[in-house]
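Structural characterization, general
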Amino acid sequence: MADAPADVKKLSFERAIEELETIVKRLEDGKVPLEESVAIYERGEALKRRCEDLLRQAEARVDKITTDASGQPSGTEPLDVQ
């Protein structure tokens, strides 16, 4: 990681998940010095939280299809993500 890492809060879901996958691979290889392992693990945790936040936001925007008594679609309403 020679370049300064991007601000996690500004990353798209795709970019955050890509970077998280890279970190996981590096840690699994076991060839990263301890101090760097801790630093990239911490960044991985931040990336994981960013992905979770973006997924929650996307879920909140998804509409749920409602049906009438006969089972026919009758409209949409906001998805309850709680």
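Conventions used here
- Residues numbered from 1 in each chain as written.
- Predicted model: local features only at pLDDT ≥ 70, side-chain atom pairs only at ≥ 80, totals over all residues.
- Heavy atoms only, no water.
- Helix = DSSP H or I, 4+ residues; strand = E, 2+ residues; numbered from the N terminus.
- Buried < 20%, exposed > 50% of the residue type's maximum accessible area, 1.4 Å probe, protein only.
- Lys, Arg positive; Asp, Glu negative; His and termini not counted.
- Salt bridge = Lys/Arg side-chain N within 4 Å of Asp/Glu carboxyl O.
- Polar contact = N/O pair within 3.5 Å; in protein donor to acceptor, adjacent residues only side chain to side chain.
- Contact = heavy atoms within 4.5 Å.

What follows covers the side chain of Arg50. Checked against the element boundaries, Arg50 lands in helix 2 (residues 34-61). Here Arg50 is buried and forms no salt bridge, its nearest opposite-charge partner Asp53 lying at an N-O distance of 6.0 Å. Of the polar contacts made by the side chain of Arg50, one reaches the backbone oxygen of Leu11; its length is 2.8 Å. In this structure Arg50 touches Val8, Lys9, Lys10, Leu11 and Ala16, once residues within four positions along its chain are discounted.

In this structure the tally under the stated criterion is 5 salt bridges. In this structure, Glu19 engages Arg43 in a salt bridge whose closest nitrogen and oxygen atoms are separated by 2.4 Å. Pair noted here: Glu19 is in helix 1 (residues 13-29) and Arg43 is in helix 2, with a separation of 24 residues, a long-range link. The buried category is assigned to Arg43, whose relative accessible area is 13%.

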